[in-house]
Number of protein chains: 2
Amino acid sequence: MATETKQTRFETLGLGAPLNEVLRVIGSHTSCRSYKPDPLPPGTLEHLITAAQSTSTSSNLQAYSIVAIEDPERKERLSRLCGNQKFIAQSPLFLAFCPDKYRLEYLCKRQGRPFGATFLEMFLLASMDAALAAQSVALAAESMGLGICMVGAIRNNEQEVMDLLGLPQGVYALTGMCIGFPDRTYPTVKPRLPMKAVLHREAYSVEHLEEALCEYDETMAASGIYEGRQVEMPDEPATLDGRIYGWAEHTSRRVSRPETLSEAASLRKNLRKTLVEHGWTFA
Amino acid sequence: MATETKQTRFETLGLGAPLNEVLRVIGSHTSCRSYKPDPLPPGTLEHLITAAQSTSTSSNLQAYSIVAIEDPERKERLSRLCGNQKFIAQSPLFLAFCPDKYRLEYLCKRQGRPFGATFLEMFLLASMDAALAAQSVALAAESMGLGICMVGAIRNNEQEVMDLLGLPQGVYALTGMCIGFPDRTYPTVKPRLPMKAVLHREAYSVEHLEEALCEYDETMAASGIYEGRQVEMPDEPATLDGRIYGWAEHTSRRVSRPETLSEAASLRKNLRKTLVEHGWTFA
């Protein structure tokens with residue numbers, strides 16, 4: 001498999017070869033945005049869902065569902081709803097990870113009790129359950145030689161996605177995931193922030209933040225990753241005034257205005273409204 | 001290692017032996033709530049953080065930080081804040097996974113722009129980034145023969161935890177994780193809902209829900225898992241009236257009232273207020 005020869009993040013950071021096969025898979029993750037048309041081997045879906053269900057879940061509430069889309073016409077529609085990303089239609093399997101309190105509300109009705117988990121914690125718990133399960137599925141798929149790409153753009157048109165997936169009140173789509181055999185692999189992993197920016201010992205510290213940002217800016221600018229992908233800021237002068245276009249510049253442009261966060265993230269300004277209409281509460 | 005001999009979820013569900021080492025680790029997860037005092041091998045923390053940083057992150061925003069607590073006195077204080085769970089003080093390493101928009105706000109100031117990601121999406125994106133990273137760390141640790149336990153109770157006293165960890169505005173503790181050498185291992189994994197309740201083909205369906213709940217109730221009641229751990233409902237008759245005390249009964253009791261969701265989850269009713277005071281927005 002092509003992934004076997006890829007350099008993992010452990011080697012990149014000078015930690016040596018991965019200590020075991022799990023770390024090798026974790027450390028070699030890159031998002032896959034081009035898929036072969038090959039179908040998945042029989043039983044793959046069942047293995048992936050078993051991986052999801054093996055994951056930690058808060059108080060064993062299992063507050064998530066997974067919708068598997070394989071129908072080509074439905075994948076086309078999803079692709080259009082998720083920012084016209086062609087690889088969504090191309091990949092043989094699309095999974096939607098859905099925080100689910102419908103099932104818990106159903107249980108309460110069934111057992112003759114009111115549903116009382118109406119506060120922010122329920123939303124957070126269900127969203128976290130779904131995210132944890134998604135990451136296990138990602139690693140399970142990658143261990144089987146498959147490529148994956150998380151699709152946060154599933155939240156761009158949340159209401160339309162809910163309609164397409166037939167999600168009842170109390171269920172929403174947190175993230176999608178494309179799964180299939182990779183049509184190309186990337187020789188190296190994408191550089192991340194230096195560890196000193198993310199890891200804090202005993203207490204949060206900003207001591208190394210500025211140093212880490214400068215290092216990372218250099219790394220990312222040198223990687224060429226932003227070439228042709230710079231975020232346009234129409235109401236700012238075109239010149240960088242000698243500043244480097246690295247992660248800090250790119251990312252600050254993205255988060256400075258909702259419409260620059262992603263192609264269609266301005267739509268996500270409506271997310272709360274859609275979720276409230278769909279039974280979620282943020283009290 | 002003791003975990004080598006454990007039956008995984010794949011075998012339990014009749015899918016045969018795990019297809020590879022990654023699936024073996026994923027499929028054999030059980031939470032570890034008893035740790036040996038043995039310190040972690042040198043370099044373990046760096047390997048775990050590298051696993052976290054290898055994980056998918058929305059738009060490469062890397063909107064999370066990890067606080068590592070090893071100091072015994074601080075772990076004692078955390079243990080008290082997290083529902084007096086003794087294994088928190090016992091485990092050699094406690095990681096707090098913290099959604100972090102402080103760094104993104106800092107970037108905006110640094111690059112001379114306003115911060116515009118003030119809507120629910122930012123909270124959700126950062127929380128998801130932190131959760132995805134947490135699951136990679138969990139599997140990385142388990143691959144190295146360590147046991148882990150996610151600690152959602154870190155949200156029970158969010159303000160006090162923020163104070164202890166020195167979290168700046170825009171950073172909060174989503175979940176903790178205890179990591180250490182297991183003092184005991186569990187021979188089998190905990191049964192989950194039948195797959196037909198969680199997996200939906202093409203669209204959400206409740207067709208198999210009732211059947212799945214009946215099966216799961218039988219399984220969980222027979223497992224003895226609720227013996228001595230039934231949730232008390234002081235304002236209800238003590239009798240079950242012939243109903244089985246399974247997952248449906250247990251879980252409906254927990255989610256019917258905030259104070260029964262977990263030992264101290266009623267405290268989590270204040271979570272939104274604390275987060276708002278700490279710079280988070282849910283618009």
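Thresholds applied
- Residues numbered from 1 in each chain as written.
- Chains lettered and ligands numbered in written order.
- Predicted model: local features only at pLDDT ≥ 70, side-chain atom pairs only at ≥ 80, totals over all residues.
- Heavy atoms only, no water.
- Salt bridge = Lys/Arg side-chain N within 4 Å of Asp/Glu carboxyl O.
- Helix = DSSP H or I, 4+ residues; strand = E, 2+ residues; numbered from the N terminus.
- Buried < 20%, exposed > 50% of the residue type's maximum accessible area, 1.4 Å probe, protein only.
- Pairing = 2+ DSSP bridges.
- Contact = heavy atoms within 4.5 Å.
- Buried area = accessible area lost by both parts, 1.4 Å probe.
- Polar contact = N/O pair within 3.5 Å; in protein donor to acceptor, adjacent residues only side chain to side chain.
- Axes fitted to C-alpha atoms, helices over the stretch in contact; angles between N-to-C directions.
- Core = buried A, V, L, I, M, F, W, Y, C linked by side-chain atoms within 4.5 Å.
- Least-squares fit on C-alpha atoms with pLDDT ≥ 70 in both.
- Arc of directions from axis to C-beta.

A. Examining the pattern of salt bridges more closely. Summed over the entire model, instances satisfying the criterion amount to 36 salt bridges over all chains. Across the pair Glu249(B) and Arg113(A) runs a salt bridge, and its minimum N-O distance is 2.6 Å. Taken together, the positions of Glu249(B) in helix 11 (residues 247–256) and Arg113(A) in the loop between helix 6 (102–111) and helix 7 (120–143) put the pair across two chains. In this structure, Glu249(B) and Arg113(A) share a single accessibility class: buried. Note that Glu215(B) and Lys196(B) form a salt bridge whose closest N and O atoms lie 2.6 Å from each other. Linking Glu215(B) in helix 10 (residues 209–223) with Lys196(B) in helix 9 (residues 195–198), this pair joins segments that are 19 residues apart in sequence.

B. Spotlight on the pairing of strand 4 (residues 175–180) of chain B. Residues and elements named next belong to chain B. With six of its six residues buried, strand 4 lies for the most part within the structure. Because side chains alternate across strand 4, one face comprises the buried residues Thr 175, Met 177 and Ile 179, and the other comprises Gly 176, Cys 178 and Gly 180, equally buried. Bridge count for strand 3 (residues 147–151) against strand 4 is five bridges, and the pairing is antiparallel. What sits directly across from Cys 149, in strand 4, is Cys 178.

C. Examining the interface of chain B and chain A more closely. Of the residues lining the interface, 125 residues belong to chain B; the matching set on chain A comes to 125 residues. Between chain B and chain A lies a buried interface of about 11,100 Å² when both sides are counted; carbon and sulfur atoms form 62% of it. Its largest share of buried area at the contact with chain A, chain B owes to Arg113(B), Glu202(B) and Tyr204(B), together 8% of the area lost on that side. If you look at where chain B meets chain A, you find 18 salt bridges. Among the salt bridges present, the one from Asp217(B) reaches Arg110(A), with a minimum N-O distance of 3.4 Å. At the surface where chain B touches chain A, the tally comes to 78 residue pairs in polar contact (both at pLDDT 80 or more).

D. Representation of the environment of Glu202(A). Counting through the fold element by element, Glu202(A) comes out in the loop between strand 5 (199–201) and helix 10 (209–223). Only 2.9 Å separates the side chain of Glu202(A) from the backbone nitrogen of Glu70(B), close enough to count as a polar contact. Within polar-contact distance, the side chain of Glu202(A) engages the backbone nitrogen of Asp71(B) at 3.0 Å.

E. Seen up close, the sheet that holds strand 2 (residues 93–99) of chain A. Ordered by their spatial adjacency, five strands build an open sheet running 3(A)-4(A)-2(A)-1(A)-5(B), and the pairing between neighbours is mixed. Two strands in the sheet have a free side with no partner beyond their single neighbour: strand 3 (147–151) of chain A together with strand 5 (199–201) of chain B. On average, adjacent strands in this sheet sit at an angle of 25 degrees to one another, irrespective of strand direction. Pairing of strand 2 of chain A with strand 4 (residues 175–180) of chain A involves five bridges; the strand directions are antiparallel. Along strand 4 of chain A, the bridge assignment pairs Phe94(A) with Cys178(A). Packing of helix 3 (residues 44–53) of chain A onto the sheet brings it into contact with strand 1 (64–69), strand 2 and strand 4 of chain A together with strand 5 of chain B, and relative to strand 1 of chain A it is tilted by some 165 degrees.

F. Examining the nonpolar core more closely. In terms of nonpolar packing, the biggest core is built from 194 residues, with Ile179(A) and Ile179(B) touching the most fellow members. Those residues in contact with Ile179(A) that lie beyond four places of it in its chain are Tyr35(A), Leu40(A), Leu48(A), Ser91(A), Pro92(A), Leu93(A), Leu95(A), Val137(A), Ala141(A), Leu146(A), Gly147(A) and Ile148(A).

G. Quick look at the side chain of Gln135(B). When you line up the elements, Gln135(B) lands in helix 7 (residues 120–143). Accessibility expressed as a relative area gives 4% for Gln135(B), which makes it buried. Among the polar contacts listed, one links the side chain of Gln135(B) to the side chain of Ser136(A), at a separation of 2.7 Å. In this structure Gln135(B) touches Thr55(A), Leu132(A), Gln135(A), Ser136(A) and Met150(B), once residues within four positions along its chain are discounted.

H. Focus on the environment of Arg9(B). Here Arg9(B) lies in helix 1 (residues 9–12). Accessibility expressed as a relative area gives 5% for Arg9(B), which makes it buried. Sequence-wise, Arg9(B) and Leu23(B) are 14 residues apart; in three dimensions their C-alpha atoms are separated by 9.4 Å. Contact partners of Arg9(B), with chain neighbours within four places excluded, come to Thr50(A), Gln53(A), Ser54(A), Gly27(B), Val189(B), Lys190(B), Pro191(B) and Arg192(B).

I. How the structure looks around the relation of the copies chain B and chain A. Aligned on chain A, chain B shows an RMSD of 0.0 Å; the corresponding rotation is 180 degrees and the shift along the axis is 0.0 Å. What the rotation and shift describe, once combined, is the action of a two-fold rotation axis. Here 100% of the interface residues in chain B have copies in chain A that are interface residues too; the copies meet face to matching face.

J. Region of the structure containing helix 6 (residues 102–111) of chain B. What helix 6 of chain B keeps buried is the set Arg103(B), Leu104(B), Leu107(B), Cys108(B) and Gln111(B). Each buried residue of helix 6 of chain B sits inside an arc of 145 degrees when the element is viewed along its axis, so together they form one side. Buried-residue contacts for helix 6 of chain B involve helix 9 (195–198), helix 10 and helix 11 (247–256) of chain A together with strand 1 (64–69) and helix 7 of chain B. Phi for Gly112(B), located one or two positions after helix 6 of chain B, is positive at around 75 degrees.

Geometric values such as these leave the question of function open.
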